[in-house]
Amino acid sequence: METGDPVPPPWASSLTEVLLGTSQIASRVSEIGASLSAHYEGLNPVLLIVLKGSFIFGADLSRSLSVSHEVQFIRAKSYVGTESTGEVHVTGLEGVDISGRHVVVVEDIVDTGLTLRQIRKKLTGMGAASVESCVFLKKETDRRGKGTPDETWVAFGIEDRFVVGYGLDFDQKFRHLPFVGVMKEA
Ligand code: IMP
């Protein structure tokens with residue numbers, strides 16, 4: 001399924017277009033993987049993969065790294081349907097020892113930036129040697145909070161539309177699509 005292809009019949013009633021196809025995603029992920037590999041040579045970073053949305057991006061990113069690294073998973077939940085609840089529940093950090101470690105937070109999408117801000121806040125004080133972020137999608141929006149730090153690596157900037165696939169969901173559906181599609185307006 002490539003960028004601009006017609007939406008496959010099973011999803012045609014829910015999605016308007018294929019925004020990012022599988023080859024475009026794969027080649028960008030390997031570019032980012034090369035950049036992270038150069039940056040973290042010899043540092044054995046921890047990829048902190050934010051579930052559930054980043055499970056596919058995190059798996060592909062990890063496999064694209066040519067440097068030794070570790071993988072950990074945390075949960076963050078802020079959305080119900082297509083709306084942010086304004087609160088982020090982060091769980092799973094209590095089982096992760098990041099003291100003195102180089103951490104890369106792997107996020108599926110940045111919209112308001114609230115999720116990433118809350119995760120960074122939780123990481124502060126846990127003694128990480130460095131904290132960077134690697135996000136699959138970044139929305140162009142004026143909803144981003146003031147003072148939100150820029151993400152270190154961004155795979156794709158997209159327009160402000162609700163997207164699904166490649167890990168991203170709408171009410172827990174569509175995560176498994178191997179492409180990113182745009183949801184039809186309700
Ligand atoms: P933020 O906290 O507003 O930056 O939103 C980040 C979280 O919102 C992401 O990790 C997703 O779970 C969810 N999210 C934001 N926009 C979308 C979207 O277009 N599709 C699916 N999930 C989204």
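The preceding data block contains the structure.
Starting from 1, residues in each chain are numbered consecutively following that chain's sequence as written. Per-residue local features of the predicted model are confined to residues with pLDDT of at least 70, and side-chain atom pairs are confined, for both listing and counting, to 80 or more; whole-chain, interface and lining totals are unaffected and use all residues. Side-chain measures were taken over the full set of non-hydrogen atoms in the model, leaving aside hydrogen atoms and water.

Undergrad: Quick rundown of the overall build of the protein? Include the residues and the values.
TA: Strands here mean DSSP runs of E at least two residues long; helices mean DSSP runs of H or I at least four residues long; both are numbered from the N terminus. Helix and strand content of the protein: three helices and nine strands. Going residue by residue from the N terminus, the α and β elements of the protein occur as β-α-β-α-β-β-β-α-β-β-β-β. Rg of the C-alpha trace for the protein: 16 Å, near the compact-globule value of 16 Å for 186 residues, within the 12% margin. Considered along the principal axes of its C-alpha atoms, the protein spans approximately 50 × 35 × 25 Å. Radius of gyration here is computed from C-alpha atoms only, and the compact-globule reference equals 2.2 Å multiplied by the residue count raised to the power 0.38.

Undergrad: Which residues make up empty space enclosed by the protein, and what values do they have?
TA: Cavities and pockets are found on a 1 Å grid laid over the protein atoms alone: a cavity is a set of points where a 1.4 Å probe fits but cannot escape, a pocket is an open set with protein on both sides within 12 Å along at least five of seven lines, and a lining residue has an atom within 4 Å of such a point. Grid points are joined across faces, edges and corners, and a volume is the space filled by probe spheres set on the points. One pass over the full model with this rule turns up one cavity of 30 Å³ or more. There is about 30 Å³ of room inside the largest cavity. In terms of lining residues, the largest cavity is bounded by Leu116, Arg117, Arg120, Ser133, Thr148, Pro149, Asp150 and Glu151. Take the lining of the largest cavity: its biggest share by element is three residues, from helix 3 (residues 114-123). Gly is placed with the polar residues, together with every amino acid not listed as nonpolar (Ala, Val, Leu, Ile, Met, Phe, Trp, Tyr, Cys and Pro) or charged (Asp, Glu, Lys and Arg). Here the residues of the lining of the largest cavity are counted per class, giving two nonpolar, two polar and four charged.

Undergrad: Got a sec to walk through helix 1 (residues 22-39)? Specific residues and values, please.
TA: A helix is expected to reach a length of 1.5 Å times the quantity of its residues less one. Helix length check: helix 1 (18 residues) gives 26 Å between terminal C-alpha atoms against 26 Å at 1.5 Å per residue, within 8%. The set of residues buried in helix 1 consists of Ile25, Val29, Ile32, Gly33, Leu36 and Ser37. Down the axis of helix 1, the smallest arc covering the buried residues is 140°, so these residues share one side. Categorising residues by exposure relies on relative accessible area from a 1.4 Å probe, with only protein chains included: less than 20% of the type maximum marks a residue as buried, more than 50% marks it as exposed, and the intermediate range marks it as partly exposed. In this context, the arc is that of the directions from the helix axis out to the C-beta atoms.

Undergrad: Run through the side chain of glutamate 151, naming residues and quoting values.
TA: Position of glutamate 151 relative to the elements: it lies in the loop between strand 6 (130-139) and strand 7 (153-158). Classification of glutamate 151 by relative accessible area gives buried; the value is 10%. At a separation of 2.7 Å, a polar atom in the side chain of glutamate 151 contacts the side chain of lysine 138. When sequence neighbours within four positions are dropped, the list of residues in contact with glutamate 151 reads Val110, Leu116, Ser133, Val135 and Lys138. Polar contact is defined as a pair of N or O atoms within 3.5 Å, subject to the rule that within protein one atom must be able to donate a hydrogen and the other to accept it, and that residues adjacent in sequence are counted only when both atoms are side-chain atoms. Contacts: residue pairs with any heavy atoms within 4.5 Å of one another.

Undergrad: Just give me the short version of the site of the ligand, but keep the residues and values in it.
TA: The immediate surroundings of the ligand are formed by 16 residues, with Asp108, Thr112, Gly113, Thr115 and Val163 found nearest. Glycine 113 is positioned with one of its backbone polar atoms (N or O) 2.8 Å from an oxygen atom of the ligand. Accessible surface is estimated by sampling points in the Shrake-Rupley manner with a 1.4 Å probe; for residues, cover comes only from the protein chains shown. Surface burial for the ligand is 93%, taken as the share of its 490 Å² of free accessible area covered by protein chains. Breaking the shell around the ligand down by element, the ones donating at least two residues are strand 5 (102-110) and helix 3. The leading source of residues in the shell around the ligand is strand 5, at four residues. Considering only residue class, the shell around the ligand consists of seven nonpolar, three polar and six charged. Neighbouring residues are identified by heavy atoms, a residue being near a molecule or strand if any of them is within 4 Å of it.

Undergrad: Which residues make up the packing of helix 1 against helix 2 (residues 55-64), and what values do they have?
TA: The contact between helix 1 and helix 2 brings their axes to 8 Å, and the two run at 55°. Taken together, the axes of helix 1 and helix 2 are oblique relative to one another. Our pair here, helix 1 against helix 2, has a crossing hand that is right-handed. Mapping the contact onto sequence places Val29, Ser30, Ile32, Gly33, Leu36 and Ser37 in helix 1 and Phe57, Asp60, Leu61 and Ser64 in helix 2. Its residues assigned to classes, the contact of helix 1 with helix 2 shows five nonpolar, four polar and one charged. Only the stretch in contact is used when a helix axis is fitted, and all axes are lines through C-alpha atoms; the angle between N-to-C directions ranges over 0 to 180 degrees. Should an angle fall under 35 degrees it is called roughly parallel, over 145 degrees roughly antiparallel, and 65 to 115 degrees roughly perpendicular, with every other angle called oblique. Throughout, a crossing is termed right-handed when the near helix is turned clockwise from the far one, and left-handed when it is turned anticlockwise from it by less than a right angle.

Undergrad: Kindly report on the pattern of salt bridges, identifying the contributing residues and their values.
TA: By definition here, a salt bridge exists when the distance from a side-chain nitrogen of Lys or Arg to a carboxyl oxygen of Asp or Glu is within 4 Å. All chains considered together, the criterion is met by ten salt bridges. One salt bridge in this structure joins aspartate 111 and arginine 143, with 2.7 Å as the shortest N-O distance. One end of the pair, aspartate 111, is in the loop between strand 5 and helix 3; the other, arginine 143, is in the loop between strand 6 and strand 7, and 32 residues separate them in sequence. For arginine 143, a relative accessible area of 40% corresponds to the partly exposed category. For glutamate 151, the salt bridge identified is with lysine 138, shortest N-O distance 2.7 Å. One end of the pair, glutamate 151, is in the loop between strand 6 and strand 7; the other, lysine 138, is in strand 6, and 13 residues separate them in sequence. Through salt bridges that share partners, Glu17, Glu159 and Arg161 make up one connected network.

By themselves, these observations are geometric and do not establish any function.
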